[in-house]
Amino acid sequence: MSLDKVFNIASSGMSAQSLRLNTIASNIANAETVSSSIDQTYRARNPVFATVFSEQQGLGGSLFADQQQAGQGVEVRGIVESEAPLQPRYQPDHPMADQDGYVYYPNVNVVEEMANMMAASRSYQTNVEIMNTAKTMLQRVLTLGQ
């Protein structure tokens, strides 16, 4: 694998983790939003990632033909809403309460989101370190002839 591919792989990882951090921030920001209807309540969102292999980039072959093949990066397949149940709370004094006195809170677990945020941040940082290491290696290759 050439070093220029390392930059492409690390940058795709950084883009993916940046999107992950944005969805986590959105989930945390909406963790305490209230709705009077199940249909209008915010639901936690999570990105779905997939590894991009060289066959998927038009170089031919089968995806499962060579199990030892290195990936070519990460792509975001989409953002899905969590299927976890919403949190109905009986608060008849709340202005958003429905006719039965319930308000609905999102299915966001703030502790879980913070753990995901730390993991995404560390993954982003690792990709930055990979790019810095590859840059240093390329600079040393350039100075070999001196």
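Note that the coordinates shown come from a computational prediction; the quantities given were computed from them, not determined experimentally.

Calculation rules
Residues numbered from 1 in each chain as written. Predicted model: local features only at pLDDT ≥ 70, side-chain atom pairs only at ≥ 80, totals over all residues. Heavy atoms only, no water. Salt bridge = Lys/Arg side-chain N within 4 Å of Asp/Glu carboxyl O. Helix = DSSP H or I, 4+ residues; strand = E, 2+ residues; numbered from the N terminus. Buried < 20%, exposed > 50% of the residue type's maximum accessible area, 1.4 Å probe, protein only. pLDDT = per-residue confidence, 0-100. Contact = heavy atoms within 4.5 Å. Lys, Arg positive; Asp, Glu negative; His and termini not counted. Polar contact = N/O pair within 3.5 Å; in protein donor to acceptor, adjacent residues only side chain to side chain. Axes fitted to C-alpha atoms, helices over the stretch in contact; angles between N-to-C directions. Parallel < 35°, antiparallel > 145°, perpendicular 65-115°, else oblique. Left-handed = near helix turned anticlockwise from the far one by under 90°. Nonpolar A, V, L, I, M, F, W, Y, C, P; charged D, E, K, R; others polar. Expected span 1.5 Å × (residues − 1).

**Description of the pattern of salt bridges**
Step number 1: Evaluated as defined, the whole model comprises two salt bridges.
Step number 2: For the salt bridge of Arg 45 with Glu 81, the shortest nitrogen-to-oxygen distance reads 3.4 Å. With a gap of 36 residues between them, Arg 45 in strand S1 (residues 45-53) and Glu 81 in strand S2 (residues 71-81) connect regions that are remote in the sequence.
Step number 3: For Glu 75, the salt bridge is made with Arg 77, and the minimal N-O distance between the two is 2.6 Å.
Step number 4: Its relative accessible area of 31% is what places Glu 75 among the partly exposed residues.
Step number 5: Judged by relative accessible area, which is 52%, Arg 77 ranks as exposed.

**Let's talk about the confidence of the model for the protein chain**
Step number 1: Taken residue by residue, the protein chain gives an average pLDDT of 87. The fraction at 70 or more is 88%.
Step number 2: Note that residues 61-65 has pLDDT below 50 and, in this model, four contacts with residues that lie over four places away or in other chains.

**Description of the side chain of Asp 98**
Step number 1: Its place among the elements puts Asp 98 in the loop between strand S3 (87-90) and strand S4 (102-105).
Step number 2: Of the side chains with opposite charge, Arg 43 lies nearest to the buried Asp 98, which makes no salt bridge, at 13 Å.
Step number 3: Looking at Asp 98, its side chain comes within polar contact range of the main-chain nitrogen of Tyr 102, at 2.8 Å.
Step number 4: Polar side-chain contacts of Asp 98 include one of 3.4 Å to the side chain of Tyr 104.
Step number 5: Residues contacting Asp 98, with those up to four places away along its chain left out, are Ser 36 and Tyr 104.

**Concerning the packing of helix H1 (residues 3-29) against helix H2 (residues 110-142)**
Step number 1: The geometry of H1 relative to H2 is characterised by a closest axis approach of 9 Å and an angle of 160 degrees between their N-to-C directions. Considering their axes alone, H1 and H2 lie roughly antiparallel with respect to each other. The hand of the H1/H2 crossing is left-handed.
Step number 2: For the contact of H1 with H2, the class distribution of residues is 19 nonpolar, nine polar and three charged.

**Thoughts on H1**
Step number 1: Its 27 residues place the ends of H1 39 Å apart at the C-alpha level, agreeing with the 39 Å of an ideal helix rising 1.5 Å per residue.
Step number 2: Along H1, the positions that sit buried rather than exposed are Val 6, Ala 10, Ser 12, Gly 13, Met 14, Ala 16, Gln 17, Arg 20, Thr 23, Ile 24 and Asn 27.
Step number 3: The inward-facing, buried residues of H1 contact S1, S2 and H2.

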